[in-house]
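# Inside the fold
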Amino acid sequence: KVNNMNNIKDFKLSFVDTTTFYGIDAAGFYSQALLTGASKEEFRLIPNVKSKIKLGELNIGNVLAGADCSFSSAGEGTLAQKSFEVEPIKINLEYCKRTFETNYLSELLRPGSNSAEVMPTSVEQYLLGEVAKKVSADLEQLVWKGDTGTASYPLSLYDGLEKQFLADAAVIDVSATASTITSANVIAELTRVYNAIPTQILRAEDLRLFVSSSIFRAYRQALASASAEAYYMQNYSELHFLDVKIIEAPGLSVKKMVAAQKANLLLLTDLMSDFEDVKILPQGDVTGVPVVRMIAEFKFGIGYIYGSEVVFYN
């Protein structure tokens, strides 16, 4: 798959009003859009990726040998590379001045029909934040369920982790045994995932168990059923299963779970290099049309290093 200007994916945003928006201060927009969200916040960030990148995989090998008086090298292991690719995605929005002149927001506009102002400043800032939230929420779905073989938005933009895991024979697969996960069987299913975690990463500080929202709710209900204290005091900042931190991943499919280290799951982007590259383009003095366009572009990719250290409950 080759990235060029002709295959930039369009990140659509659904507003009832199909006109667009003007923001005067875009600082932090990409940070809010790309880095926020239950799943992405846990991933290892690989910034400044414009197209493709190779990351090294090192297997140390055997380092111990019987002692004698000769030197025999051991433990060099093997060094390999895994390739990752990001997808260019764009945001194109447009808001018309007439929209704000014909409703209650007109009271906030400057007087005069030829004013350069298209929308009130307070609305500009509000919409800028809402667009960032929308992008973040859509990317959460894309992280897990993305599939370029479908026409469904936003899933068609990139192949997510679920599809990647299914295609990788090295990933540890745990087949679901229950047709529906409820508070009655969620502990048993979580135990099956826990038991499949490789011993070498089981005590890793950054080991996480990502679960779908339905499984997360079932687990909380199971805790409440098991303890009156848990029932009345459920305002926990975080949940664990045994010693593994549980992360609710809203983008995961209903009956799926993933166990992996944070360092093994990658979020690739050119975020740092294009941090504030959000352009606001008033069209009044250019084309004579009373609209303002907001355009932005960023690179986005998701992946992992070691498939043999990922448990996928499917």
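That block above? That's the structure.
These remarks concern the structure in this document. Bear in mind the structure is a predicted one, so any value in this text is a computation, not a measurement.

## Details of the packing of helix 5 (residues 186-196) against helix 7 (residues 213-226)
In contact at an axis separation of 9 Å, helix 5 and helix 7 are set at 115 degrees when each is read in the N-to-C sense. Here Val186, Ile187 and Leu190 of helix 5 come into contact with helix 7, specifically with Ile215, Ala218, Tyr219 and Ala222. Residues that form the contact of helix 5 with helix 7 fall into these classes: seven nonpolar, no polar and no charged.

## Things to note about the side chain of Ser253
Within the secondary structure layout, Ser253 lies in the loop between strand 9 (244-248) and strand 10 (257-261). In this structure Ser253 comes out as buried when scored by relative accessible area, which is 17%. Residues contacting Ser253, with those up to four places away along its chain left out, are Lys145, Glu162 and Ser212.

## Examining unusual backbone geometry
The peptide bond linking Tyr153 to Pro154 adopts the cis configuration, its omega dihedral lying at 0 degrees. Inspection of the secondary structure puts Pro154 in the loop between helix 3 (121-145) and helix 4 (161-166). Although it is not a glycine, Asn48 adopts a positive phi angle of roughly 60 degrees. Here Asn48 lies in the loop between strand 2 (44-46) and strand 3 (52-59). Residue classification places Asn48 among the partly exposed positions, given a relative accessible area of 45%. Of note in the backbone geometry, Leu242 takes a positive phi value of approximately 55 degrees without being a glycine.

## Topic: the sheet that holds strand 6 (residues 172-174)
Judged by pairing direction, the sheet is mixed, and its six strands sit side by side in the order 6-14-10-7-9-8 without closing on themselves. Looking along the sheet, the strands with just one partner apiece sit at the ends: strand 6 and strand 8 (239-241). Neighbour to neighbour, the strand axes of the sheet diverge by 30 degrees on average, direction disregarded. Of the pairings in the sheet, the one linking strand 6 to strand 14 (residues 311-313) comprises three bridges and is parallel in character.

## Some thoughts on the pattern of salt bridges
Opposite charge on two side chains permits pairing when their charged atoms draw close. All chains considered together, the criterion is met by 11 salt bridges. In this structure, the salt-bridge partner of Arg208 is Glu42, at a minimum N-O distance of 3.1 Å. Residue Arg208 is found in strand 7 (residues 207-211), and its partner Glu42 is found in the loop between helix 1 (29-35) and strand 2; the two are separated by 166 residues along the sequence. Take Glu42: its relative accessible area is 12%, and that puts it in the buried class. We note a salt bridge from Lys134 to Asp138, for which the minimum N-O separation is 3.5 Å. Taken together, the residues Lys134 and Asp138, both in helix 3 and four residues apart, mark about one turn of the helix.

Rules and cut-offs
- Think of each chain on its own: its residues are numbered from 1, step by step along the sequence as written.
- The predicted origin of the model limits local features to residues at a pLDDT of at least 70 and limits the giving and counting of side-chain atom pairs to 80 or more, whereas totals for whole chains, interfaces and linings rest on all residues.
- Water and hydrogen atoms play no part in the side-chain values, which are based on all heavy atoms of the structure.
- Simply put, an axis is a line fit to the C-alpha atoms, just over the touching stretch for a helix, and the angle between two N-to-C directions goes from 0 to 180 degrees.
- Counting from the N terminus, the helices are the DSSP runs of H or I reaching at least four residues and the strands are the DSSP runs of E reaching at least two.
- Throughout, a contact is declared for two residues whenever any of their heavy atoms are within 4.5 Å.
- For this classification, Asp, Glu, Lys and Arg are treated as charged, while Ala, Val, Leu, Ile, Met, Phe, Trp, Tyr, Cys and Pro are nonpolar and the rest, including Gly, are polar.
- Think of it in three bands: residues with accessible area under 20% of the maximum for their type are buried, residues over 50% are exposed, and the middle band is partly exposed, with areas taken using a 1.4 Å probe on protein chains only.
- One bridge is not enough; two strands pair if DSSP finds at least two bridges between them.
- One speaks of a salt bridge when a side-chain nitrogen belonging to Lys or Arg is within 4 Å of a carboxyl oxygen belonging to Asp or Glu.

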